Amino acid sequence: MTANEMKFIEWALLILGALLVFTGWRAIKKRHTLTDLGEYDGKPAVRLGWVWIAIGILLILAVVFDIAILKSFGRLFTGLNS
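Per chain, residues are indexed from 1 in the order of the written sequence. The predicted origin of the model limits local features to residues at a pLDDT of at least 70 and limits the giving and counting of side-chain atom pairs to 80 or more, whereas totals for whole chains, interfaces and linings rest on all residues. Side-chain calculation: all heavy atoms of the structure are included, whereas hydrogens and water are not.

The next subject is helix α2 (residues 43-64). Count 3.6 residues to each turn of an α-helix, and residues three or four apart come out pointing the same way. Each helix is a run of H or I in the DSSP string that is no shorter than four residues. Each strand is a run of E no shorter than two, and both are numbered from the N terminus. In this analysis, the expected span of each helix is defined as 1.5 Å times one less than the number of residues it contains. End to end, α2 covers 31 Å across 22 residues, agreeing with the expected 32 Å (1.5 Å per residue, within 8%). Relative accessibility decides the category of a residue: with a 1.4 Å probe and only protein chains considered, values under 20% of the type maximum give buried, values over 50% give exposed, and everything between is partly exposed. All of the buried residues along α2 are Ala45, Val46, Gly49, Trp52, Ile53, Ile55, Gly56, Leu59, Ala62 and Val63. The first or second residue beyond α2 is Asp66, which carries a positive phi of 55°.

Structure follows, in structure tokens:
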């Protein structure tokens, strides 16, 4: 894998993590979210929001602290293979 490909993957993981944190925060604030699996209101939406925030923070930490196993976990979400 080249250095440019690695930078792209790191930026993709960072952006994905930030988007997950934002959508999790929004789901908690509105107590409503719509996913491919259905519509969630109330407590289920808040729980899903916390899950998204946790995954987003893990992806951000993987990039910031260069944690290989978390980067591999993040590649599952981006579909990028190395």
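With that out of the way, let us pick up the pairing of strand β1 (residues 32-35). Sheet analysis places β1 next to strand β2 (residues 38-41), joined by four bridges and oriented antiparallel. Bridge assignment links Leu34 to a residue of β2, and that residue is Glu39. In textbook terms, the turn of a hairpin is the stretch between consecutive antiparallel strands, and for β1 and β2 this stretch comprises two residues. When DSSP finds two or more bridges between a pair of strands, those strands are recorded as paired.

We now examine the packing of aromatic side chains. The pairing test for Phe, Tyr and Trp rings, Trp by its six-membered ring, is centres within 6.5 Å, and the orientation test on the planes gives stacked under 30 degrees, edge-to-face over 60, and tilted for anything in between. Evaluation of the coordinates by the stated rule reveals one aromatic pair. Geometrically, the ring pair formed by Phe22 and Trp25 is tilted, given 6.0 Å between the ring centres and 35° between the ring planes. Of the two residues, Phe22 and Trp25 both sit in helix α1 (residues 3-30), three residues apart, roughly one turn of that helix. By relative accessible area, which is 41% here, Phe22 ends up partly exposed.

Let us look at a nonpolar patch on the surface. Residues enter patches when they are more than 30% accessible in relative terms and free of salt bridges; like-charged ones are connected within 9 Å and nonpolar ones (Val, Leu, Ile, Met, Phe, Trp, Tyr) within 5 Å. Values of accessible area rely on a 1.4 Å probe in the Shrake-Rupley scheme; residue burial ignores everything except the protein chains shown. Put simply, a salt bridge is a Lys or Arg side-chain nitrogen that is within 4 Å of an Asp or Glu carboxyl oxygen. Residues Ile57, Leu61, Val64, Phe65, Ile67 and Ile69 make up a contiguous nonpolar surface patch of roughly 570 Å² in combined accessible area. The biggest single contributor to the nonpolar patch is α2, with three residues. Residue Val64 is classed as exposed on the basis of its relative accessible area, which comes to 53%.

The next subject is the side chain of Thr33. Among the structural elements, Thr33 can be located in strand β1. Should any heavy atoms of two residues lie within 4.5 Å, those residues are considered in contact. With near-sequence residues (within four places) excluded, Thr33 lies in contact with Ala27, Gly38, Glu39, Tyr40, Ala45, Leu48 and Trp52.

To continue, consider the environment of Val51. With respect to the helices and strands, the residue Val51 is situated in helix α2. The partly exposed category is assigned to Val51, whose relative accessible area is 42%. Val51 sits 31 residues away from Leu20 along the chain, and the two C-alpha atoms are 9.1 Å apart.

A word on the environment of Ile55. Counting through the fold element by element, Ile55 comes out in helix α2. Residues Ile55 and Ser72, spaced 17 residues apart in sequence, show a C-alpha to C-alpha distance of 13 Å.

It is worth spelling out the nonpolar core at this point. What makes a nonpolar core is a set of buried Ala, Val, Leu, Ile, Met, Phe, Trp, Tyr and Cys residues whose side-chain atoms join them at distances within 4.5 Å. Counting residues in each nonpolar core, the largest one holds eight residues, listed as Ile9, Leu13, Leu20, Ala27, Trp52, Ile55, Leu59 and Val63. Those elements that place two or more of their residues in this core are α1 and α2. Those residues in contact with Trp52, other than ones at most four positions away along the chain, are Leu20, Val21, Thr23, Gly24, Ala27, Thr33 and Thr35.

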